[in-house]
Amino acid sequence: MKAFTYEEEEEGIATLCLDLEDSVVNILSFEVLKSLDEKLDELHKASDIKLLKISSAKDGVFIAGANISEIEGLRDETQAYELVRKGQQIISKISDLPFPTVAIINGACLGGGLELALACDYRLATENSKTKIGLPEVNLGILPGFGGTQRLRKLTGLSKALELILGGKILNGKKAEKLGLVDACVPVGYLEFKEKSFIQMVLESPEKILSKRKSGSFMDKYLSFLVFSYARKNVMNKTKGKYPAVISILDLFEASEGKDLHVGLELEAKAFAKLAVTDISKNLIGLFYSSEALKKETGTKRKANATPIHMVNVIGAGVMGAGIVFQFSKIDKLVRMKLRRYAQAAEAMKSIAKVYEGFIKRRSLTKNEVGQKLAHISYTTEFNGFGHCDLALEAIIESTEAKQELYANLEEVMHEKAIIASNTSSLSISMLSEKMQHPERFVGMHFF
């Protein structure tokens, strides 16, 4: 299987470009790792290379992760250990190369993909909306097995590494730069130019890049037992001990604290092997497959063009209504609340702002980003502005008569292609739409 192309440019710069044959994404299967192993052995002997770039030819993808089906097929702990240990050894050959290596991340860099990038000396990412960086293995009931736990901790410090791995967090390029996962993040349109200047800096002034790296907090370095204690308490509160992977990750980090990389990798491989063969991991992988299949499910057997939704109206400003308004603002839709009286607006906005405060505290969003999302929200006590909306979602009391009266008003003011939806959890959608002129535009859309 052809997995990559190799090219040597002028002045000793070489590029290893990942491009998995007959696939729209790059996956780090054991077959791909074997091909990589052979190429790395060749590169170790090269004497004319000054720097190696590792990039991808796939649109919006660096490496999407390891081959999940191979992990699903693991049934024997010893076999799982031997395979993941071999994978670690191959990826470690990147960090052992006698010249600097730079991962150029312009797209999804997840799981094994990030573990490969972490083995490089430097990482340059883009602001491409498709650039997603993280180690989400915990969602499959396992932990990063190709060195991710050990290399990430050395790069970001203990607290951030635990936060990212235990939460399976996925970051964009800018946030990855802020946390120290990548050394720089550049606009995708300027990648070629910025890449050249970054490589020049690596060759001529690497200390300028290395000096910006974070080595962890005071607690990470001197009070790690407190970090572990807090993390373990937090994990148990959330999972009640039902997810072995998170406990195993904490145990691994504690066991490898202060140990060198080689010892840490050995411990990581053993921990991975134990988790990979469990029924819990197999079930979570099954859920992952189901989730991915549902993303492709259109809900119709014939080809249909989806109606673009730009503006949404939500009728009702109670707990459910405010929560739904928040969800639409979060995905940057213009959303308008229909209230019985303006006094309700203050309480609803206070509730929405409180949710966003949590995002700011967790650093998932900045204050400016939250301000922009809140600016998407408006409110009214009348039906003005409804003629411009593409979706009206009703979240009022569970009364058939009240809802049917509302739908009649909505049909009068909304354009004919607009969707009318109900958040009802108990009433029949068919019954609610009985008196509508166009019941085919009516749907149930319940938020949990």
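Note that this is a predicted model, so its numbers are computed, not measured.

### Here's the deal with the packing of helix α6 (residues 158-166) against helix α11 (residues 224-239)
One way to put it is that α6 packs onto α11 with a least axis distance of 10 Å and a crossing angle of 20°. Taken together, the axis directions place α6 and α11 in an arrangement best described as roughly parallel. Here α6 and α11 pass one another in a crossing that is right-handed. For the pair formed by α6 and α11, the contact residues are L158, S159, L162 and L166 on the first element and S224, V227, F228, A231 and V235 on the second. Across the contact of α6 with α11, the residue classes tally to 7 nonpolar, 2 polar and no charged.

### Brief notes about the pattern of salt bridges
The final tally for this structure, using the stated rule, is 21 salt bridges. In this structure, D332 and K373 form a salt bridge, with 3.0 Å as the shortest nitrogen-oxygen distance. Placement of D332 in the loop between α15 (319-330) and β12 (334-338) and of K373 in helix α17 (residues 367-374) is noted, with a sequence separation of 41 residues between them. Taking the relative accessible area as the measure of exposure, K373 reaches 10% and is therefore buried. Through salt bridges with shared partners, a single ionic network connects D37, D41, K86 and K93.

### Topic: the nonpolar core
Membership of the largest hydrophobic core comes to 75 residues, with the highest contact counts inside it found for I54, F62, I105, I133, L162 and L181. Sorting elements by how many residues they give to this core places helix α12 (residues 244-255) first, with 7 residues. Judged by nonpolar contacts, the second largest core, of 23 residues, contains V312, A322, I324 and A395.

### Topic: empty space enclosed by the protein
Gaps left between atoms are located by rolling a probe of water-molecule size over the structure's atoms. Applying the stated criterion across every chain yields a total of 2 cavities of 30 Å³ or more. Of the voids in this model, the largest cavity is the one considered here, and its volume is about 50 Å³. Around the largest cavity, the lining residues are A3, L18, D19, L20, N26, I27, L28, V32 and I63. Broken down by class, the residue content of the lining of the largest cavity amounts to 7 nonpolar, 1 polar and 1 charged. Counted as a void, the second largest cavity has a volume near 40 Å³. Lining the second largest cavity are L114, I133, G134, L135, L152, L164, K169, L171 and L181.

### What about the packing of helix α3 (residues 77-95) against helix α13 (residues 261-276)?
Helix-helix packing is described using two parameters, namely the angle between the two axes and the distance between the axes. Contact pair α3 / α13: the axes reach a minimum separation of 8 Å and the direction vectors enclose 145°. For the crossing formed where α3 meets α13, the hand is right-handed. Packed against α3, whose contacting residues are E77, A80, Y81, V84, R85, Q88 and S92, the element α13 presents H262, L265, E266, E268, A269, K270, F272, A273 and K274 at the interface. Split by residue class, the contact of α3 with α13 holds 7 nonpolar, 3 polar and 6 charged.

### Points about helix α18 (residues 400-413)
Over its 14 residues, α18 extends 20 Å from the first C-alpha to the last, a length consistent with the 20 Å expected when each residue adds 1.5 Å. Taken as a whole, α18 has its buried residues at T400, K403, Q404, L406, Y407, L410 and E411. Angular distribution of buried residues about the axis of α18 spans 160°; they occupy a single face of the element. For α18, the exposed residues set more than 90 degrees away from the buried face come down to E401, E405 and E412.

### A few points about a nonpolar patch on the surface
Where nonpolar side chains cluster on the molecular surface, the patch consists of F218, M219, Y222, F225 and L226 and spans about 570 Å² of accessible area. When residues of the nonpolar patch are traced back to their parent elements, those giving at least two are α10 (218-222) and α11. Along the polypeptide, L226 turns up in helix α11. Since its relative accessible area comes to 36%, L226 is described here as partly exposed.

Thresholds applied
Residues numbered from 1 in each chain as written. Predicted model: local features only at pLDDT ≥ 70, side-chain atom pairs only at ≥ 80, totals over all residues. Heavy atoms only, no water. Axes fitted to C-alpha atoms, helices over the stretch in contact; angles between N-to-C directions. Helix = DSSP H or I, 4+ residues; strand = E, 2+ residues; numbered from the N terminus. Parallel < 35°, antiparallel > 145°, perpendicular 65-115°, else oblique. Left-handed = near helix turned anticlockwise from the far one by under 90°. Contact = heavy atoms within 4.5 Å. Nonpolar A, V, L, I, M, F, W, Y, C, P; charged D, E, K, R; others polar. Salt bridge = Lys/Arg side-chain N within 4 Å of Asp/Glu carboxyl O. Buried < 20%, exposed > 50% of the residue type's maximum accessible area, 1.4 Å probe, protein only. Core = buried A, V, L, I, M, F, W, Y, C linked by side-chain atoms within 4.5 Å. 1 Å grid on protein atoms, 1.4 Å probe; cavity = no way out; pocket = protein on both sides within 12 Å on 5 of 7 lines; lining within 4 Å. Points joined across faces, edges and corners; volume = space filled by probe spheres on them. Expected span 1.5 Å × (residues − 1). Arc of directions from axis to C-beta. Patch = residues over 30% accessible without salt bridge, like charges linked within 9 Å, V, L, I, M, F, W, Y side chains within 5 Å. Areas by Shrake-Rupley, 256 points an atom, 1.4 Å probe, with all protein chains shown as cover.

So yeah, pure geometry; function would need other evidence.
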